[in-house]
Amino acid sequence: MLTQTNINQELGLSLQGTIHHNLTTAQLVEKALERGEGDLTSTGAFRATTGKYTGRSPKDKFIVDEPSIRDHIDWGNVNQPMDSKVFDSLFMKVKAYLQEKEVFIFDGFAGTDPDYRLPIRVINEEAWHNLFARQLFVRPSQEELKSHRPSFTVISVPGLQADPETDGTRSETFIAVSFTHRVILIGGTRYAGEMKKSIFSVMNYLLPEQSVMPMHCSANKGKDGDTALFFGLSGTGKTTLSADPDRSLIGDDEHGWSDNGIFNIEGGCYAKCIGLSQEKEPQIWNAIRFGSVLENVVLDSFRNPDYDDNTLTENTRAAYPVEHIPGAEIPGIGSHPGVIIFLTADAFGVLPPISKLTPEQAMYHFLSGYTSKLAGTERGVTQPEATFSTCFGAPFLPRPAGIYAEMLGNKIAKHQAKVYLVNTGWSGGPYGVGKRMKLSYTRSMVRAALDGSLDHASFTPDPIFGLAIPDHCPEVPKEVLQPRNTWEDPDAYDLKASELAERFRQNFWKFQDVSESIRQAGPKEKL
């Protein structure tokens, strides 16, 4: 049984305040309201605001440089090293800060497959953060709680700000992962997404040791048991497109691919909800009810959420348990995928809305991970920015990219998965000129890829990017399929496409170890 004594012994803490162990959803909502941490909305969801930080702080995230992992980490701008002495000092500061605090503790798992799940503990100073953890991670049964022993612990103390001069951090915010202590320290930010992404980063390090590929993707299952994956960065449509009323949701963001098949790393969904409407995304709309958490969503005087209001941030979020989606796959486990979709939000407006990839092109675009960072998802991002995020998840990959790419390539070949590139970004011009691709068109294209409608379609190769574009797709106007035809000025399209192609080539130069066939699968040198 979880006691104050064994918590203190396990982590060297000295918690002397009130400790709340594994409260229910209702109890956590009551506590959060009692403590004035937020509001209950008209839908029954709990709404909190996060203040200064409304997105992740990637420049404030560190991995402790320890002998056991030193040679396995891809150190650099993403995986920034922290000296172990700096971490130890920061840990002592966190312990002292928590000593007299009221504390909320959640015990659960990362991973729905019992063969590969990671027992975790989340310690929070705010009740709504613990509610978020309860809804986003895998919730254990009462029987599982009896034998639960955490292999990793997250300690989130948003009220504690670091002093860069004395604590060795970049700013007052810190996210520090120690694989030796098996502890993640988070401070100086109330953005709840830091907790989920930190555990994802840990799983991205641990799972390859078990021959499991960790993936930044959503997944769903058809009526015949066929599984599909949707890779992409935040805002590209992973959550929206996997929440399909005709298919069962496995998970919306993080998965593992083992010899058993697919499994969800989480127990909940974290949907970007700016512009959310009941008409376009009914499953997500209806999932936001009691037990859900809204972040930075503006409420009117009647406490109705206004999903169109971006006053606080473009990165408004809704967190809810996967069970809130009708027909969700519980537990979140599926077969080996037959279709894999790479999602990109192209701010240049030149990539086709859907194209079929050869195995070599699949590896090229997986390594490239081209998309646009959307406003608010990270500190300082105020409008879409073209970016390349290796493996569609570079911010969360501790190991060298080649390890993940090789695992995916082997699995695609072994299970003969079909791969498509889908552009959910701009059409008819770049950001500021064109418009976002209609969700109804994207849904139709994805449906055609999943149900086999595109298997026997004729395709036309794009002259610049070499991508195979279908000549027809059910319920999609033909002119939409060819991006050049959607621009008023075809010459302007050619210039912008050439500019993006050059960016692809420059980015790919860093992958010196790939085969020539993969390198040649990228954009052509000339029009």
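Residues numbered from 1 in each chain as written. Predicted model: local features only at pLDDT ≥ 70, side-chain atom pairs only at ≥ 80, totals over all residues. Heavy atoms only, no water.

Moving on, we come to the side chain of Thr-313. Inspection of the secondary structure assignment puts Thr-313 in the loop between strand 19 (305-306) and strand 20 (317-321). Assessed through its relative accessible area of 6%, Thr-313 is described here as buried. Engagement of the side chain of Thr-313 in a polar contact is seen with the backbone nitrogen of Asn-315, the distance being 2.9 Å. (Helix = DSSP H or I, 4+ residues; strand = E, 2+ residues; numbered from the N terminus. Buried < 20%, exposed > 50% of the residue type's maximum accessible area, 1.4 Å probe, protein only. Polar contact = N/O pair within 3.5 Å; in protein donor to acceptor, adjacent residues only side chain to side chain.)

Given two aromatic rings, one states the distance between the centres and the angle between the planes to describe the pair. Throughout the structure, instances matching the rule amount to 22 aromatic pairs. Judged by centre distance (5.3 Å) and plane angle (45 degrees), the ring pair of Tyr-370 and Phe-388 falls under tilted. Residue Tyr-370 is located in strand 24 (residues 370-373), and its partner Phe-388 is located in strand 25 (residues 385-388); the two are separated by 18 residues in the primary sequence. Considering the side-chain rings of Phe-388 and Phe-504, the 5.1 Å spacing of their centres and the 80 degrees angle between planes classify their relative orientation as edge-to-face. With Phe-388 in strand 25 and Phe-504 in helix 14 (residues 490-508), the pair connects residues that are 116 residues apart, well separated along the chain. On the basis of relative accessibility, which here comes to 0%, the residue Phe-504 falls in the buried class. Aromatic rings pair up to connect Tyr-364, Tyr-370, Phe-388, Phe-465, Phe-504, Phe-508 and Phe-511 into one cluster. One Lys or Arg, Arg-117, reaches over the ring of Phe-109 and ends 3.8 Å from the middle of that ring. The ring of Phe-396 has Lys-197 sitting right over it, with the charged end atom 4.5 Å from the ring centre. (Phe/Tyr/Trp six-rings, centres within 6.5 Å; stacked < 30°, edge-to-face > 60°. Lys NZ or Arg CZ within 6 Å of the ring centre and 35° of its normal.)

Here the focus is the domain arrangement of the chain. Structurally, the chain comprises domain 1 (4-38 + 59-210), domain 2 (269-324) and domain 3 (336-520). Computed from C-alpha atoms alone, the centre-to-centre distance between domain 1 and domain 2 is 25 Å. Counting from both sides, the interface comprises 14 residues of domain 1 and, opposite them, 13 residues of domain 2. Where domain 1 meets domain 2, there are 1 salt bridge. (Domains from an automatic or database assignment. Contact = heavy atoms within 4.5 Å. Salt bridge = Lys/Arg side-chain N within 4 Å of Asp/Glu carboxyl O.)

Once that is clear, we can look at the packing of helix 10 (residues 359-368) against helix 11 (residues 401-415). What describes two packed helices is the angle between their axes and the distance between those same axes. In contact at an axis separation of 10 Å, helix 10 and helix 11 are set at 150 degrees when each is read in the N-to-C sense. Between helix 10 and helix 11, the angle falls in the class roughly antiparallel. For the pair helix 10 and helix 11, the sense of crossing is right-handed. Contact with helix 10, carried on its side by Met-363, Phe-366 and Leu-367, involves Tyr-404, Ala-405, Leu-408 and Gly-409 of helix 11 and no other residues of that element. Classifying every residue of the contact of helix 10 with helix 11 by side-chain character gives 6 nonpolar, 1 polar and no charged. (Axes fitted to C-alpha atoms, helices over the stretch in contact; angles between N-to-C directions. Parallel < 35°, antiparallel > 145°, perpendicular 65-115°, else oblique. Left-handed = near helix turned anticlockwise from the far one by under 90°. Nonpolar A, V, L, I, M, F, W, Y, C, P; charged D, E, K, R; others polar.)

Once that is clear, we can look at the nonpolar core. In this structure, Phe-179 and Ile-184 are the most contacted members of the largest nonpolar core, which totals 47 residues. Of all the elements, helix 7 (residues 193-206) adds the most residues to this core, at 7 residues. Counting contributing residues, this core receives three or more from each of domain 1 (4-38 + 59-210) and domain 2 (269-324). Beyond its immediate stretch of four places on either side in the chain, Phe-179 contacts Ile-63, Glu-66, Ile-69, Phe-152, Val-202, Tyr-205 and Leu-206. Judged by nonpolar contacts, the second largest core, of 46 residues, contains Met-215, Ala-401, Leu-500 and Ala-501. (Core = buried A, V, L, I, M, F, W, Y, C linked by side-chain atoms within 4.5 Å.)

Moving on to the sheet that holds strand 6 (residues 103-110). Strand pairing in a sheet is mediated by backbone hydrogen bonds. Such pairs are either parallel or antiparallel. In spatial order, the strands read 1-6-7-8-10-9-4-5; together these 8 strands make up an open sheet with mixed pairing. In the strand order of this sheet, the two ends are held by strand 1 (19-21) and strand 5 (80-82), each with one partner. For this sheet, the mean inter-axis angle between neighbouring strands, taken without regard to orientation, is 25 degrees. For strand 4 (residues 61-64) and strand 9 (residues 174-178), the ladder comprises 3 bridges, and the chain directions are parallel. Residue pairing in the sheet places Phe-62 in a bridge with Ala-176 of strand 9. (Pairing = 2+ DSSP bridges.)

For the rest of this paragraph, the subject is the UniProt feature "binding site: Mn(2+)" (unreviewed entry) in the chain. The feature "binding site: Mn(2+)" (unreviewed entry), as given by UniProt, occupies Lys-197, His-216 and Asp-253 in the numbering adopted here. On the basis of their most widely separated C-alpha atoms, the annotated residues across 57 residues gather in one place, lying no more than 10.2 Å apart. Its place among the elements puts His-216 in strand 11 (residues 213-221). Sequence-distant contacts of His-216, that is, excluding residues within four places in its chain, are made with Lys-197, Phe-200, Phe-230, Phe-231, Gly-232, Leu-233, Ser-234, Lys-238, Asp-253, Phe-392, Gly-393 and Phe-396. A polar contact is formed between the side chain of His-216 and the side chain of Asp-253, at a distance of 3.1 Å. Within the fold, Asp-253 resides in the loop between strand 13 (248-251) and strand 14 (254-258). Here Asp-253 falls in the buried class, since its relative accessible area comes to 7%. If near-sequence neighbours (up to four positions away) are discounted, Asp-253 is found in contact with Lys-196, Lys-197, Met-215, His-216, Cys-217, Ser-218, Lys-238 and Glu-266. Side chain to side chain, Asp-253 and Lys-197 meet in a polar contact 2.6 Å long. (UniProt positions renumbered as here; feature names shortened; annotations may be inferred.)

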